[in-house]
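Fold and contact review
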Amino acid sequence: MEVDEAEFFNRLLDYQNILYLCHRNADPDAISSAFALSEAIGGTIGLVDGCNRVASVLIDRLGIEVVDKPNPADYGFVVVVDTSTKAQLNDLELTRYCVIDHHTTTALTENAEFYLHRNSTSTVEIVYNILKAMGAPINRRVGIGMLTGIVTDTGHFKHASADTFRTVAKIIEDSGVEYGEVLDLMAATPQDISMRIAILKAASRVELDRVQDMLIASSHVSSFGGSASSMLINIGADIAFVGTAKGESVRVSARAKRDAVNSGVNLGQLMEDISSEYNGTGGGHSGAAGIDVIADMKEVLNKCRERTKKILEASLGAKSTEISCEDEIDEFEDE
């Protein structure tokens, strides 16, 4: 059953020993959302399978207590935070739980006792409205966490809406946190050498398709697929798909620029559709999504590319062409 912010809070008051469960490789949006709820209502923050670098710095700087790989059976109730698929929880078995999430598609709500879903740019924005509905104060630690969650989940406001900026202003006013404090925290995040290597490998293996002025990039790495796909967008691609494989399991991380989304590309829906063909899980946002399936990685990446090309061809009225980096370099040298 879907509930609003006030009802979500009121229902949580009926439970004791609450676990706020974050998806694997938890990001600041998940961590800070769970932290804000635990500070206001009480409970434990659980990490299914670690967290990313910025979230790790956030946990350390704010002194957030977390439990690694918790057993949901040890808790009275589970609040699944910022998570759209069971695969993001490593297929952890859940019994009594609810969901608070902002992704375009979410499969976890089907068996939840209740859920709160909003099409906001971050889960933090939903949590902020819960705190306001219950009249809870926002202290400095919570404020820093929430602002970091919003900044990172919106790609430093690239995907922000007017509501995003309004919420940011309110958090700053309520908590007394200066925006510069958040930037300083994020700037202190160390760069992982393994991630840098993976990003460079992804760039060296890239395959490109062109539909009019839109470039679709695909590649593969052994880890850091999300970072690699974001990097491909930053260096020129309009849509990027990066695959990573672990045994028979394949994950594809997808990213798209706003112009591509405006041209009809909805990665969340695309990932959900493709994953269903393999009985896997997938979804996310229109501009950032992913899938987890048991399949051949090259086959899945090709499906992502082909489906995207069809969408853009129909929208732009142009045929796609496959290009190589060498061909493009030669073309520019000739000019």
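Residues numbered from 1 in each chain as written. Predicted model: local features only at pLDDT ≥ 70, side-chain atom pairs only at ≥ 80, totals over all residues. Heavy atoms only, no water.

1. Some details on the packing of aromatic side chains
What the rule picks out here adds up to five aromatic pairs. Measuring from centroid to centroid gives 3.9 Å for Y15 and F77, while their planes differ by 10°, and the two rings are stacked. Taken together, the residues span a long stretch of sequence, with Y15 in the loop between helix 1 (5-12) and strand 1 (18-22) and F77 in strand 4 (residues 77-81) at a distance of 62 residues. Here Y15 and F77 have matching classes, each one buried. Aromatic pair F157 and Y179: ring centres 6.1 Å apart, planes at 45°, arrangement tilted. Here F157 is found in the loop between helix 5 (140-153) and helix 6 (162-175), whereas its partner Y179 is found in helix 7 (residues 179-187), with 22 residues between them in sequence. Judged by its relative accessible area of 18%, F157 is buried. Three or more aromatic residues joined by ring pairs form one cluster here, namely F8, Y15, F77 and F114. (Phe/Tyr/Trp six-rings, centres within 6.5 Å; stacked < 30°, edge-to-face > 60°. Helix = DSSP H or I, 4+ residues; strand = E, 2+ residues; numbered from the N terminus. Buried < 20%, exposed > 50% of the residue type's maximum accessible area, 1.4 Å probe, protein only.)

2. A few points about the sheet that holds strand 7 (residues 207-211)
Strands belonging to one sheet form pairs held by backbone hydrogen bonds; the direction of such a pair is parallel or antiparallel. Strand order in the open sheet formed by seven strands is 11-12-10-9-8-7-13, and the pairing between neighbours is mixed. Where the open sheet ends on each side, the last strands, each with one partner, are strand 11 (281-284) and strand 13 (320-323). Across the sheet, the mean angle from the axis of one strand to that of its neighbour is 15°, orientation sign disregarded. Note that strand 8 (residues 214-220) and strand 9 (residues 239-246) share five bridges and pair parallel. Bridged to H220 within strand 9 is G243. Contacting strand 9, strand 10 (249-256), strand 11 and strand 12 (288-294), helix 11 (residues 267-276) crosses the sheet at an angle of about 5° to strand 12. Seen against the sheet, helix 12 (residues 297-316) touches strand 7, strand 8, strand 9, strand 10, strand 12 and strand 13 and runs at an angle of roughly 165° to strand 9. (Pairing = 2+ DSSP bridges. Axes fitted to C-alpha atoms, helices over the stretch in contact; angles between N-to-C directions. Contact = heavy atoms within 4.5 Å.)

3. Some words on the side chain of T85
Secondary-structure assignment places T85 in the loop between strand 4 and strand 5 (97-101). On the accessibility criterion, T85 (6% relative accessible area) is buried.

4. So, the pairing of strand 7
In the sheet, strand 7 pairs with strand 8 via five bridges, with the strands oriented antiparallel. The partner of V211 across the bridge, within strand 8, is M214. What sits between strand 7 and strand 8 in their antiparallel hairpin is a turn of two residues, with Q212 showing a positive phi close to 55°. Where strand 7 and strand 13 come together, four bridges link them in antiparallel fashion. Of the residues in strand 13, the one forming a bridge with R210 is T321.

5. With respect to the UniProt feature "domain: DDH" (unreviewed entry) in the chain
UniProt records the feature "domain: DDH" (unreviewed entry) for residues 18-149 in the present numbering. Note that residues 18-149 is 35% helix and 20% strand, and that its end C-alpha atoms are spaced 22 Å apart. (UniProt positions renumbered as here; feature names shortened; annotations may be inferred.)

6. What about the pairing of strand 11?
By the bridge criterion, four bridges tie strand 11 to strand 12 in an arrangement that is antiparallel. In the sheet register, G282 faces strand 12, and the bridge partner there is I291. Where strand 11 folds back on strand 12, the antiparallel hairpin that results is connected by three residues.

7. Thoughts on helix 2 (residues 28-41)
Spanning 14 residues, helix 2 covers 19 Å between terminal C-alpha atoms, matching the ideal 20 Å at 1.5 Å per step. Burial analysis of helix 2 places 11 of its 14 residues in the buried class, the great majority of the element. Close packing links the buried residues of helix 2 with strand 1, strand 2 (44-47), helix 3 (53-62), strand 4, helix 4 (123-134) and helix 5. The first or second residue beyond helix 2 is G42, which carries a positive phi of 100°. (Expected span 1.5 Å × (residues − 1).)

8. Brief notes about the UniProt feature "domain: DHHA1" (unreviewed entry) in the chain
On the UniProt side, "domain: DHHA1" (unreviewed entry) is annotated at positions that read residues 229-303 here. Along residues 229-303 the backbone is 37% helical and 36% strand, and the end-to-end C-alpha distance reaches 16 Å.

9. So, the pattern of salt bridges
Applying the stated rule across the entire model yields 19 salt bridges. Ionic pairing is found between R118 and E2, a salt bridge with its closest N-O pair at 3.9 Å. With R118 in the loop between strand 6 (114-117) and helix 4 and E2 in the segment before helix 1, this pair connects stretches of sequence that are 116 residues apart. According to the relative accessible area criterion, R118 is partly exposed, its value standing at 28%. One salt bridge in this structure joins R11 and E7, with 3.1 Å as the shortest N-O distance. With R11 and E7 both in helix 1 and four residues apart, this pair spans about one turn of that helix. (Salt bridge = Lys/Arg side-chain N within 4 Å of Asp/Glu carboxyl O.)

10. Considerations on the environment of H102
Mapped onto the elements of the fold, H102 is located in the loop between strand 5 and strand 6. Considering only alpha carbons, one finds H102 and Y115, 13 residues apart in sequence, at a separation of 11 Å. Beyond its immediate stretch of four places on either side in the chain, H102 contacts D29, D82, H117, R118, N119, S120, T121, S122, T123, I126, D153 and H285. A polar contact of 3.0 Å, which involves the side chain of H102, links it to the backbone oxygen of S120. Within the structure, H102 has its side chain in polar contact with the side chain of D153 (distance 3.2 Å). (Polar contact = N/O pair within 3.5 Å; in protein donor to acceptor, adjacent residues only side chain to side chain.)

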